[in-house]
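Below are the chains, spelled out letter by letter.
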Amino acid sequence: MSQSVNVNFRMDSNLKQQMDAICEELGMSLTTAFTIFAKKVCREKKIPFEVSVDPFYSQENMDRLRRSIAQMESTGGTIHEVNNA
C-alpha cells in the first residue's frame, strides 16, 4: 500500500464551503473528491473536463475592439459598420 502524504493549497473560503456541502451530499469528503480527480487525471493524462478562455477576451479581439472604438471616436460616433481590416 502506498504511503499517504498531505497536499496543501489555497482556495476561496466560499468555494470551499460550497465544495464541502456538495461532497457531503455525495457522501464523500473533500479529500476523497480530490483523490478521485487526481486518479482520473493520472489515468487519462489530461484534465477530465474542458478548460478554456472566453474568446471575447483574446488579444486579437481586444485589439479589434480598440481599433473600432478609435475609429468611432475619430468620426464622432457615427459608425454603423465596423471595418475589420
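Right above here is the structure, for reference.
Residues numbered from 1 in each chain as written. Predicted model: local features only at pLDDT ≥ 70, side-chain atom pairs only at ≥ 80, totals over all residues. Heavy atoms only, no water.

Student: Even after reading the chapter, I still don't get helix α3 (residues 59–74), so can you show me in this structure?
Tutor: Taking 1.5 Å per residue, 16 residues should reach 22 Å; α3 reaches 22 Å between its end C-alpha atoms and fits that length. By the burial criterion, the buried members of α3 are N61, M62 and S68. Projected onto a plane normal to the axis of α3, the buried residues spread over an arc of 125° and lie on a single side. Facing away from the buried side of α3 by over 90 degrees, the exposed positions are Q59, E60, R66 and S74. (Helix = DSSP H or I, 4+ residues; strand = E, 2+ residues; numbered from the N terminus. Expected span 1.5 Å × (residues − 1). Buried < 20%, exposed > 50% of the residue type's maximum accessible area, 1.4 Å probe, protein only. Arc of directions from axis to C-beta.)

Student: Hey, could you run me through the packing of aromatic side chains in this one?
Tutor: Each pair of aromatic rings is reported with the distance of its centres and the angle of its planes. Summed over the entire model, instances satisfying the criterion amount to 3 aromatic pairs. A ring pair is formed by F9 and F34, whose centres lie 5.3 Å apart and whose planes are at 75°; its orientation type is edge-to-face. Of this pair, F9 sits in the segment before α1 (13–26) while F34 sits in helix α2 (residues 30–44), and the two are 25 residues apart along the sequence. (Phe/Tyr/Trp six-rings, centres within 6.5 Å; stacked < 30°, edge-to-face > 60°.)

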